[in-house]
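# A closer look at the structure
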Amino acid sequence: MWLIETLPTMVAAAAQPGDAAPAALAAALRDAGWTWSSWVALVTACACLCAQAAALLVLQRRTGVAAGDWLRSLALVLGLGLMAVGAAVIGPLHAYGRFSLGAHMGQHMLLFAYAPLLLALAQPLRLWRQAFLRRSPSSSAVARTWDGLGTALVPATALHSGLMWFWHHPAAITSTLLDDRLQLLMHASFLLSGVWFWGALLARLAGGREGLGTAMVALVAMMMQMGLLGALLTFSSRVLYPVCSERAPLLGIEPLADQQLAGLIMWVPAGLPYLLGGLWLMQRWLALPHADDAAA
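Residues numbered from 1 in each chain as written. Predicted model: local features only at pLDDT ≥ 70, side-chain atom pairs only at ≥ 80, totals over all residues. Heavy atoms only, no water.

### Quick look at the side chain of Ser 73
Let me state the cut-off plainly: Helix and strand definitions follow DSSP, with helices as H or I runs of at least four residues and strands as E runs of at least two, each counted in order from the N terminus. Relative accessibility thresholds used throughout: buried, under 20% of the residue-type maximum; exposed, over 50%; partly exposed, between the two (1.4 Å probe, protein chains only). Note on definitions: a residue-residue contact is assigned when non-hydrogen atoms from the two residues lie within 4.5 Å.
With respect to the element layout, Ser 73 can be found in helix α4 (residues 67-87). The exposure class of Ser 73 is buried, given its relative accessible area of 8%. When sequence neighbours within four positions are dropped, the list of residues in contact with Ser 73 reads Gln 52 and Leu 56.

In structure tokens form, the structure reads like this:
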């Protein structure tokens, strides 16, 4: 009830900056120009898109491209787009993120939850190996080791959750706001650990009831941790990030309201893929006995 009553006030406080906003935001936009990290994100996205297009052309000439490969290519484009928006050190999201914890958490949401899921669904490495490797992708020891590591769900979950808690420590948030190099490292760690987590989870779908059960446990564990972090930010009676007490007022935003909005972003929209994924896995898990009975 408290959440429903205070949500409009919290959103309004973060969305309607005060008189100091124009000058502060203009200065932030000037500082958030093209840097080396912007070029890293841009070159990475373009390289992936070029490799995907080349792989599709090779497969089209060789055996044809399946409908699933086109859908995975669309997921790759969407995932790279979200990566570019979330990781970019230019534009209004990054500029607001220098002052507002809510905007900063919006970047985290894109890079931690949504972009990794889309990139994992795209499975670009599988398509690239199929198109460009002459021998079987699993014929080398390196490829087998890589495939085994890619399906290791337990360490992937531990790393994914550990990085979430590490980078949301007040000292880490302060450091990334002051240094774009650290911010790029944080963004890259969110993205890569998320791709590993979702890729390992998707690999468990072929493992029957045991694989689906393990995947559900991993999703529930991540969802509970994100909910806990979101609740800590939302219901705290004091500002947990001192840097936000100094910067949020420059936009006319009340720091505690901004922190509560950030908590809601982490709690609800960022946790949505994990919740929906868990419900979908449970539906598949419950349907397995019926499939076995039909086969018998």
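Now that the structure has been shown, we can carry on.
### Considering the confidence of the model for the protein
Spelled out, the test is: Summary of the metric used: pLDDT quantifies the predictor's per-residue confidence within the range 0 to 100.
For the protein, mean pLDDT is 79; residues scoring 70 or higher make up 77% of the total. Of all helices and strands in the protein, the one with the weakest mean pLDDT is helix α1 (residues 2-15) (44), whereas helix α9 (residues 153-167) scores best (95). Confidence over residues 1-15 falls short of pLDDT 50; this stretch has 16 contacts with residues more than four positions distant or in other chains.

### Description of the packing of aromatic side chains
The cut-off we apply is this: Any two of the Phe, Tyr and Trp rings considered here, Trp counted by its six-membered ring, make a pair once their centres fall within 6.5 Å; the pair's planes then place it as stacked at under 30 degrees, edge-to-face at over 60, or tilted in between. For a ring to carry a charge above it, either NZ of a lysine or CZ of an arginine must fall within 6 Å of the ring centroid while also lying within 35 degrees of the normal to the ring plane.
Counted by the stated rule, this structure contains 6 aromatic pairs. Geometrically, the ring pair formed by Phe 166 and Trp 167 is edge-to-face, given 5.0 Å between the ring centres and 75 degrees between the ring planes. With 5.2 Å between their ring centres and 35 degrees between their planes, Trp 198 and Tyr 274 make a pair best called tilted. Remark: Tyr 274 occurs in helix α15 (residues 272-295) and Trp 198 occurs in helix α11 (residues 180-203); sequence separation between them is 76 residues. Judged by relative accessible area, which is 3%, Trp 198 ranks as buried. Tyr 274 sits in the buried class, given a relative accessible area of 1%. Three or more aromatic residues joined by ring pairs make a cluster, and in this case those are Phe 197, Trp 198 and Tyr 274. The ring of Trp 285 carries Arg 209 above its face, with NZ or CZ at 4.0 Å from the centroid.

### Topic: the pattern of salt bridges
Test applied: We define a salt bridge as a side-chain nitrogen of Lys or Arg found within 4 Å of a carboxyl oxygen belonging to Asp or Glu.
Scanning the model with the defined rule gives 3 salt bridges in all. Between Arg 126 and Asp 69 there is a salt bridge, and its shortest N-O distance comes to 2.8 Å. Residue Arg 126 is found in helix α7 (residues 124-132), and its partner Asp 69 is found in helix α4; the two are separated by 57 residues along the sequence. Residue Arg 126 is classed as partly exposed on the basis of its relative accessible area, which comes to 31%. The buried category is assigned to Asp 69, whose relative accessible area is 8%.

### Description of the environment of His 108
Note the threshold: Polar contacts here mean pairs of N or O atoms no more than 3.5 Å apart (in protein, one a potential hydrogen donor and the other a potential acceptor; neighbouring residues in sequence count only if both atoms are side-chain atoms).
Mapped onto the fold, His 108 is located in helix α6 (residues 101-122). Separated by 79 residues in sequence, His 108 and His 187 place their C-alpha atoms 7.6 Å apart. Setting aside anything within four residues of it in sequence, one finds His 108 in contact with Ala 113, His 168, Ile 173, Met 186 and Phe 190. Looking at His 108, its side chain comes within polar contact range of the side chain of His 168, at 2.9 Å.

### Digging into the state of the cysteines
Linking two cysteines covalently via their sulfur atoms produces the bond known as a disulfide. Formally: What counts as a disulfide here is a pair of cysteine sulfur atoms lying within 2.5 Å.
Tallied over the full model, the rule gives 0 disulfides. Cysteine Cys 48 is unpaired, with the sulfur of Cys 46 as its nearest cysteine sulfur at 9.4 Å. By relative accessible area, which is 19% here, Cys 48 ends up buried.

### Details of the nonpolar core
Rules: Buried Ala, Val, Leu, Ile, Met, Phe, Trp, Tyr and Cys residues form a nonpolar core when they are joined through side-chain atoms within 4.5 Å.
In this structure, Phe 197, Trp 198, Leu 201, Tyr 274 and Leu 281 are the most contacted members of the largest nonpolar core, which totals 61 residues. The element best represented in this core is α6, accounting for 13 residues. Residues contacting Tyr 274, with those up to four places away along its chain left out, are Phe 112, Ala 113, His 160, Phe 197, Trp 198, Leu 219, Met 222, Met 223 and Met 226.

### Quick word on empty space enclosed by the protein
Note the following rule: Two kinds of site are reported from a 1 Å grid over the protein atoms alone, namely cavities, where a 1.4 Å probe fits but cannot get out, and pockets, open sets with protein on both sides within 12 Å along at least five of seven lines, and residues are called lining when an atom falls within 4 Å of a point. Grid points are joined across faces, edges and corners, and a volume is the space filled by probe spheres set on the points. Residue polarity follows a fixed list, in which Ala, Val, Leu, Ile, Met, Phe, Trp, Tyr, Cys and Pro are nonpolar, Asp, Glu, Lys and Arg are charged, and the others, Gly among them, are polar.
All chains considered together, the criterion is met by 1 cavity of 30 Å³ or more. Of the pockets and cavities examined, the largest cavity occupies roughly 30 Å³. In terms of lining, the largest cavity is formed by Gly 97, Arg 98, Phe 99, Ser 100, Leu 101, His 104, Leu 177, Cys 244 and Arg 247. Secondary-structure elements contributing two or more residues to the lining of the largest cavity are α6 and α13 (242-247). Classifying every residue of the lining of the largest cavity gives 4 nonpolar, 3 polar and 2 charged.

### Brief notes about the packing of helix α10 (residues 170-178) against α11
Our working definition: Whenever a helix is involved, its axis is fitted only over the stretch in contact; in every case the axis is a line through C-alpha atoms, and angles between N-to-C directions fall within 0 to 180 degrees. Put simply, angles under 35 degrees are roughly parallel, angles over 145 are roughly antiparallel, angles from 65 to 115 are roughly perpendicular, and the rest are oblique. By definition, any crossing whose near helix is turned counterclockwise from its far helix by less than a right angle is left-handed, and any crossing with a clockwise turn is right-handed.
One can describe the packing of α10 onto α11 by two numbers: an axis separation of 5 Å at closest approach and a directional angle of 120 degrees. Between α10 and α11, the crossing angle belongs to the class labelled oblique. Crossing geometry of α10 relative to α11 is assigned as left-handed. Judged by residue contacts, Ser 175, Thr 176, Leu 177 and Leu 178 of α10 engage Asp 180, Leu 182, Gln 183 and Met 186 from α11. Broken down by class, the residue content of the contact of α10 with α11 amounts to 4 nonpolar, 3 polar and 1 charged.

### Observations regarding α6
Where we set the bar: Each helix should span, by expectation, one fewer than its residue count multiplied by 1.5 Å. Note that bend, as reported per residue, equals the angle between axes fitted to the 7 residues terminating at that residue and the 7 residues originating from it.
When the terminal C-alpha atoms of α6 are compared, their 31 Å separation across 22 residues agrees well with the 32 Å that a helix rising 1.5 Å per residue should span. Roughly 35 degrees is the biggest bend found in α6, and it falls at Ala 115, with proline Pro 116 one to four residues downstream. Of all 22 residues in α6, 20 are buried; the element is thus mostly enclosed. One side-chain oxygen of the residue at the start of α6 lies 3.2 Å from the amide nitrogen of Gly 102, identifying that residue as Ser 100. With its phi angle positive at about 50 degrees, Gln 123 sits one or two positions after the end of α6.

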